[in-house]
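Fold and contact review
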Amino acid sequence: MAATTPVDRQFRDALGAFATGVTIVTTRDQSQHDVGLTANSFNSVSLDPPMVLWSLSKSSLSLAAFAAAKHFAVHILASDQDHLSTLFARRGIEKFANLDLERGLGDVPLLSGCSARFECRTEFQYEGGDHVIFVGKVEKFDHFGRAPLLFHSGRYAVAIDKSRDTPNIDTENAELDSSFSQDFLIYLLGRAHNQLFLELRRDLERHGLSEDEWFVLSILGVSDNRTIADLDRLLAYTGTRVTYELVAGLAAGEFVNIRGAYDPRVVTTLTDKGRRVVIELVSAAKATEGHATRNLDSEEIRLLKRALRTTIRDTDPGPPPSLMGPIHGE
Ligand SMILES: Cc1cc2nc3c(=O)[nH]c(=O)nc-3n(C[C@H](O)[C@H](O)[C@H](O)COP(=O)(O)O)c2cc1C
């Protein structure tokens, strides 16, 4: 059997199977310089008295400062603070420049935006192989309730609540409530799309717009002055072609101006009315999104969007056959 030493890759990998939170531990050294590093060796020790521990590598440049410090602060990082973790895991750089700092017990630097924060008095220091274990008595703490950043197998991760129910979607419509519909991605995506669009469709009807016309307007809302061929290429994923007739219909409704004759290379621009309608409809769509995702937490929304982006990338049909030259012969 291969020997397993503390520096062994396999030993590190096995330890990495233990998912942890991520902290930044800070203190102030005897020359009044702020010192800090990323540490995931943090743990609770005692409730009464309240005590915590973490361990610091003997090779750390921060060792002398923590060994001498009467106080330190532990920041449990929030899920959007991985950039701070990466910053504080670097050696020999100025880590506190440009950070919004408060001061805690012993003038220790306190970081903001974290999930929880413990201000500690150094109680004990123990030898622990190539690390020193610091035990601190918690004298003050804050709990900000932000979702925590996790670390597992050498990567950052986020927490997903496993105990949350997966709802059945069709309690009303028993005949649709099969394992097929509950689990079939195309059905779920299609149904979510249609239901999300119900409200927006009512708004479109009020303005006399079709879904295809709305797609054209929304593209122009992001980036105006597009040729019809350009719009056709950008909307290939919808399966419909952007023709001169479609854009001419929008021009008749005074949503766009067409600069030129019957040709796919002609440039289309939003009118003032078109821009107002786009802003109104985009705000309505944003409100619909907020309502539709009201029972998801921010991490679930982020993961949902990431999974959809990956699916979109992997199913992109690419550009349509180009509309070369005029649509109808000149
Ligand atoms: C997620 C993560 C967890 C870490 N945990 C610890 C730890 O518990 N103890 C430690 O000494 N170093 C830990 N490190 C490494 C230190 O952050 C890193 O060595 C840092 O450069 C030390 O800074 P210093 O040399 O300026 O003190 C960790 C790094 C990362 C990315």
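Residues numbered from 1 in each chain as written. Predicted model: local features only at pLDDT ≥ 70, side-chain atom pairs only at ≥ 80, totals over all residues. Heavy atoms only, no water.

By nearness alone, 18 residues border the ligand, and Ser41, Ser57, Ser60, Ser62 and Ala89 come closest of all. In the environment of the ligand, a nitrogen atom lies 3.0 Å from a nitrogen or oxygen atom belonging to the backbone of Asn40. Ala89 is positioned with one of its backbone polar atoms (N or O) 2.8 Å from an oxygen atom of the ligand. Here the ligand, which alone exposes 640 Å², has 82% of that area covered by the protein. Elements represented by at least two residues in the shell around the ligand include exactly β3 (34–39) and β5 (51–57). Here the residues of the shell around the ligand are counted per class, giving seven nonpolar, eight polar and three charged. (Near = heavy atom within 4 Å. Polar contact = N/O pair within 3.5 Å; in protein donor to acceptor, adjacent residues only side chain to side chain. Areas by Shrake-Rupley, 256 points an atom, 1.4 Å probe, with all protein chains shown as cover. Helix = DSSP H or I, 4+ residues; strand = E, 2+ residues; numbered from the N terminus. Nonpolar A, V, L, I, M, F, W, Y, C, P; charged D, E, K, R; others polar.)

If you check helix α5 (residues 185–206), its first and last C-alpha atoms are 32 Å apart, about what 22 residues at 1.5 Å a residue would give, namely 32 Å. The largest bend along α5 reaches roughly 40° and is located at Leu198. Among all positions in α5, only Phe197, Leu200, Asp203 and Leu204 are buried. Of the surrounding secondary structure, the elements contacted by the buried residues of α5 are α6 (211–222) and α9 (272–292). (Expected span 1.5 Å × (residues − 1). Bend = angle between axes of the 7 residues up to and from the residue. Buried < 20%, exposed > 50% of the residue type's maximum accessible area, 1.4 Å probe, protein only. Contact = heavy atoms within 4.5 Å.)

Relative orientation of the contacting elements α5 and α9 amounts to 160°, with a least axis distance of 9 Å. The orientation of α5 relative to α9 falls into the category roughly antiparallel. When you trace α5 past α9, the crossing you get is right-handed. Along its contact with α5, which presents Leu196, Glu199, Leu200, Asp203, Leu204 and Arg206, the element α9 presents Glu280, Leu281, Ala284, Ala285, Thr288 and Ala292. Considering only residue class, the contact of α5 with α9 consists of seven nonpolar, one polar and four charged. (Axes fitted to C-alpha atoms, helices over the stretch in contact; angles between N-to-C directions. Parallel < 35°, antiparallel > 145°, perpendicular 65-115°, else oblique. Left-handed = near helix turned anticlockwise from the far one by under 90°.)

What follows concerns the confidence of the model for the protein. Predicted confidence across the protein gives a mean pLDDT of 90, with 91% of residues reaching 70 or more. Note on residues 324–330: pLDDT is under 50 here. Beyond four places in sequence and across chains, it has twelve contacts. (pLDDT = per-residue confidence, 0-100.)

In the structure shown here, the tally under the stated rule is ten aromatic pairs. Relative to Phe134, the ring of Trp54 has its centre 5.2 Å away and its plane inclined at 20°; by these criteria the two rings are stacked. One end of the pair, Trp54, is in strand β5; the other, Phe134, is in strand β10 (residues 131–143), and 80 residues separate them in sequence. Among the aromatic residues, ring-to-ring pairing joins Trp54, Phe66, Phe72 and Phe134 into one connected group. (Phe/Tyr/Trp six-rings, centres within 6.5 Å; stacked < 30°, edge-to-face > 60°.)

This next bit is on the pairing of strand β9 (residues 116–128). Of the strand pairs in this sheet, strand β6 (residues 71–76) and β9 are connected by six bridges, and their pairing is antiparallel. Bridging across to β9, His75 finds its partner in Arg117. Relative to β10, β9 runs antiparallel, the two being bridged by twelve bridges. For Phe118, the partnering residue across the bridge sits in β10 and is Phe141. (Pairing = 2+ DSSP bridges.)

Further remarks concern the pairing of strand β15 (residues 267–270). Taken together, the two bridges between strand β13 (residues 226–227) and β15 define a ladder with antiparallel strand orientation. Bridge assignment links Arg226 to a residue of β15, and that residue is Thr268. Of the strand pairs in this sheet, strand β14 (residues 256–259) and β15 are connected by four bridges, and their pairing is antiparallel. When the bridges of β15 are listed, Arg259 appears paired with Val267.

In this section: the environment of Pro50. With respect to the helices and strands, the residue Pro50 is situated in the loop between β4 (43–46) and β5. Relative accessible area serves as the criterion here: at 34%, Pro50 is assigned to the partly exposed category. Residues contacting Pro50, with those up to four places away along its chain left out, are Gly136, Lys137 and Val138.

Listed as buried for helix α8 (residues 244–252) are Tyr244, Leu246, Val247 and Leu250. Projected down its long axis, α8 shows its buried positions confined to an angular sector of 165°, all on one face. In this fold, the buried residues of α8 make contact with α6, α7 (228–234), β14 and β15. Where α8 terminates, the next one or two residues include Glu254, which has phi positive at roughly 65°. (Arc of directions from axis to C-beta.)

On to the packing of α6 against α8, then. Running from N to C, α6 and α8 point in directions that differ by 80°, and their axes come no closer than 10 Å. In this view, α6 runs roughly perpendicular relative to α8, as classed from their interaxial angle. Of the residues in α8, those touching α6 at Asp212, Glu213, Val216 and Leu217 are Leu246, Gly249 and Leu250. Of the residues belonging to the contact of α6 with α8, the class tally is four nonpolar, one polar and two charged.

With that settled, the discussion passes to the sheet that holds strand β1 (residues 20–21). An order of β1-β11-β12 is seen for the three strands of this open sheet, with the pairing classed as antiparallel. Edge strands, defined here as strands with exactly one partner in the open sheet, are β1 and β12 (155–158). Both β1 and strand β11 (residues 149–152) contribute to a ladder of two bridges, which runs antiparallel. Note on β11: the bridge partner recorded for Thr20 is Phe151.

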